[in-house]
2 protein chains.
Amino acid sequence: MIMTNKKVADLVSDKGILMVLSGPSGVGKGTVCAALRKSTNDLVYSVSATTREPRQGEVDGVNYFFRTKEQFLQMIADDELLEWAEYVGNYYGTPRYFVEEVLASGKDIILEIEVQGALKVKHKFPEGVFTFLLPPSLDELQNRIETRGTESEESIRNRMSVAKAEMRLLEHYDYAIVNDEVEAACRRIQSILVAERCRQERVLHKIKKWMDEV
Amino acid sequence: MIMTNKKVADLVSDKGILMVLSGPSGVGKGTVCAALRKSTNDLVYSVSATTREPRQGEVDGVNYFFRTKEQFLQMIADDELLEWAEYVGNYYGTPRYFVEEVLASGKDIILEIEVQGALKVKHKFPEGVFTFLLPPSLDELQNRIETRGTESEESIRNRMSVAKAEMRLLEHYDYAIVNDEVEAACRRIQSILVAERCRQERVLHKIKKWMDEV
């Protein structure tokens, strides 16, 4: 027998996981991501590219990759973005190379994104893990939108209707977690990352190659 | 809107998970299961049915369901076993009703079983979660078999050859975890249980039904 002493652990987890965290507006994606950032050392946050001007204190490559409109359009043409959208005259998108660099280094990366954007990412990067954040109840979602205090009654009705339509897109996701409590939601996401690293589909080819060698 | 205050959490996790833990002889299934039993309150251990005589201190329904040969054969005829096998003149099997009762109560249940038995369970209970325990290396597996000290050199060679054949059946499993350290293996199994409860396929029908009501 040759190479019987090769460590199986080295075969199992050499590449990171792209975790796409999505869900309706108001569900608390940002809060959960901020809590994860505090509690999880090895998780990298996806940095978006944008054509908007940097605000004071924002650093290129940390807060955003700041690009000119020409550069951004070239990235679209070169298929360098996992998704992109225009918002109030500026472009925003997820650079594929940044995600792939982090994954190749063995670290996991999390991308916080609205529901339509997540589905675009899935189209270009189906090996990602797509997690849908659900509100504890629709009443609670409405509370969360209302307590922001910035929206008219009509706008709130409209957001609730969009949220319900988005929740029907759950079937395109891999996991659904309830954001009843931020720490509990974080623990579930961390468990999903651990479990996904152990999924047979992610390790089988390496184990098979190893078995062929021994 | 009716029932908007219904808690999504109630919809998400009402049924338990059958975790089938398998892997080659010597990999440490029993040690991992014993450690899980200590550290996890809500996890129930599958009790086997057998025709062998109870040993001193063994309790019916706790260590085994003790059955006569006639009763056991009737269970086979009635398709009441998820798998069964004969070993040294006695029958052993996994009663379906016990597993289903535990799952219906909302608790998870773990079944520790050798590789062939696990594949039989998968045939009858595909909604189970099938986890394959891998040794840290083949050398380490051989060490573990040798340190039992009860086997001849030929028997060890034979077991190693069976183990390698069994590892090639990994593709029929959902997860592969390395038993490098018992506590780490337990944490991975616990993470898999948390993640599986959040899988979209397990919650979608409930969320959809709920969405149709609001």
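Residues numbered from 1 in each chain as written. Chains lettered and ligands numbered in written order. Predicted model: local features only at pLDDT ≥ 70, side-chain atom pairs only at ≥ 80, totals over all residues. Heavy atoms only, no water.

Under an unreviewed UniProt entry, chain A has the name Guanylate kinase and belongs to Paenibacillus psychroresistens. Regarding chain A, the relevant UniProt record gives this comment under Function (unreviewed entry): "Essential for recycling GMP and indirectly, cGMP." (UniProt positions renumbered as here; feature names shortened; annotations may be inferred.)

The subject of this paragraph is the sheet that holds strand β4 (residues 64–66) of chain A. All names here are of chain A. One open sheet holds the four strands; their spatial order is β4-β3-β6-β5, and the pairing between them is mixed. Here the strands that pair on one side only, and so sit at the sheet edges, are β4 and β5 (81–87). Going across the sheet, the axis of each strand differs from the next one's by a mean of 25°, ignoring polarity. As judged from the five bridges shared by β5 and strand β6 (residues 90–95), these two strands associate in the antiparallel manner. Within β6, the residue paired with Tyr87 across the bridge is Asn90. Across the sheet, helix α4 (residues 96–104) lies against β4, β5 and β6, angled at about 25° from β6, the strand it touches most. (Pairing = 2+ DSSP bridges. Helix = DSSP H or I, 4+ residues; strand = E, 2+ residues; numbered from the N terminus. Axes fitted to C-alpha atoms, helices over the stretch in contact; angles between N-to-C directions. Contact = heavy atoms within 4.5 Å.)

This paragraph deals with the UniProt feature "binding site: ATP" (unreviewed entry) in chain A. Residue and element names in this part refer to chain A. In the UniProt entry, the feature "binding site: ATP" (unreviewed entry) is given for Gly23, Pro24, Ser25, Gly26, Val27, Gly28, Lys29 and Gly30. If you trace the backbone, Gly23 turns up in the loop between β1 (18–22) and α2 (29–39). Setting aside residues up to four positions removed in sequence, Gly23 forms contacts with Lys29, Ile113, Val115, Phe132, Leu133 and Glu166. Relative to the elements of secondary structure, Pro24 occurs in the loop between β1 and α2. Overall, the relative accessible area of 0% leaves Pro24 in the buried class. (Buried < 20%, exposed > 50% of the residue type's maximum accessible area, 1.4 Å probe, protein only.)

All names here are of chain B. If you walk across this open sheet you meet the four strands as β4-β3-β6-β5, and the pairing is mixed. Lying at the two open borders of the sheet, with one neighbouring strand each, are β4 (64–66) and β5 (81–87). Sheet twist, expressed as the mean angle between neighbouring strand axes with direction ignored, is 25°. Pairing of strand β3 (residues 48–50) with strand β6 (residues 90–95), which is carried by two bridges, proceeds in the antiparallel orientation.

Here the structure, examined in full by the defined rule, presents 14 aromatic pairs over all chains. For the ring pair Phe65 of chain A and Phe98 of chain A, a centre distance of 5.5 Å and an interplane angle of 70° mean the geometry is edge-to-face. You can see Phe65 of chain A sitting in strand β4 and its partner Phe98 of chain A sitting in helix α4, a full 33 residues away along the chain. When its relative accessible area of 10% is taken as the criterion, Phe65 of chain A is described as buried. Sitting over the ring of Tyr175 of chain B, Arg199 of chain A keeps its end group 4.9 Å from the ring centre. (Phe/Tyr/Trp six-rings, centres within 6.5 Å; stacked < 30°, edge-to-face > 60°. Lys NZ or Arg CZ within 6 Å of the ring centre and 35° of its normal.)

As a further point, take the nonpolar core. Judged by nonpolar contacts, the single largest core of 120 residues is most densely connected at Leu18 and Val121 of chain A together with Leu18 and Val121 of chain B. Setting aside its immediate chain neighbours within four residues, Val121 of chain A contacts Leu18, Val20, Leu82, Glu83, Leu111, Ile113 and Phe130 of chain A. (Core = buried A, V, L, I, M, F, W, Y, C linked by side-chain atoms within 4.5 Å.)

The next point concerns the packing of α2 of chain A against helix α8 (residues 182–197) of chain A. Each pair of packed helices gets described by two things: the angle between the helix axes and the distance between those axes. Residue and element names in this part refer to chain A. Relative to each other, α2 and α8 sit at 65°, their axes nearing to 9 Å. Relative to α8, α2 is oriented roughly perpendicular. Every pair of crossing elements has a handedness; the one defined by α2 and α8 is right-handed. Here α2 contributes Thr31, Val32, Ala35, Leu36 and Ser39 to the contact with α8, which in turn contributes Val182, Ala185, Cys186, Ile189 and Gln190. (Parallel < 35°, antiparallel > 145°, perpendicular 65-115°, else oblique. Left-handed = near helix turned anticlockwise from the far one by under 90°.)

Bringing the packing of helix α6 (residues 138–147) of chain A against helix α7 (residues 153–167) of chain A into the picture now. Residue and element names in this part refer to chain A. At a minimum axis distance of 10 Å, the contact between α6 and α7 shows a crossing angle of 135°. As judged from the angle between their axes, α6 and α7 are oblique. Between α6 and α7 lies a crossing of right-handed hand. Where α6 approaches α7, its residues Leu138, Leu141, Gln142, Ile145 and Glu146 are matched on the opposing element by Ile156, Arg159, Met160, Ala163, Lys164 and Met167.

Bringing the state of the cysteines into the picture now. Considering all chains together, one arrives at zero disulfides over all chains under this definition. For Cys198 of chain A, which is in no disulfide, the shortest distance to another cysteine sulfur is to Cys186 of chain B and amounts to 13 Å. (Disulfide = S-S within 2.5 Å.)

Here we come to the environment of Arg37 of chain A. Locating Arg37 of chain A in the fold gives a position in helix α2. When the C-alpha atoms of Arg37 of chain A and Ile110 of chain A are compared, they prove to be 9.5 Å apart, with 73 residues separating the residues in sequence.

Looking now at the pairing of strand β9 (residues 175–178) of chain A. All names here are of chain A. Residues Tyr175 and Ile177 line one face of β9 and the alternating positions Ala176 and Val178 line the opposite face, and both faces are buried. Bridge count for strand β8 (residues 129–134) against β9 is four bridges, and the pairing is parallel. Looking at β9, one finds that Phe132 is bridged to Ala176.

Here we take up the pattern of salt bridges. Evaluated as defined, the whole model comprises 23 salt bridges over all chains. Residue Asp108 of chain A is joined to Arg197 of chain A by a salt bridge in which the shortest nitrogen-to-oxygen separation is 3.0 Å. Remark: Arg197 of chain A occurs in helix α8 and Asp108 of chain A occurs in strand β7 (residues 108–112); sequence separation between them is 89 residues. A salt bridge links Arg188 of chain B to Asp180 of chain B, with the shortest nitrogen-to-oxygen separation between them at 3.3 Å. For Asp180 of chain B, a relative accessible area of 38% puts it in the partly exposed group. Through salt bridges with shared partners, a single network forms among Glu196 and Arg202 of chain A together with Arg199 and Glu201 of chain B. (Salt bridge = Lys/Arg side-chain N within 4 Å of Asp/Glu carboxyl O.)

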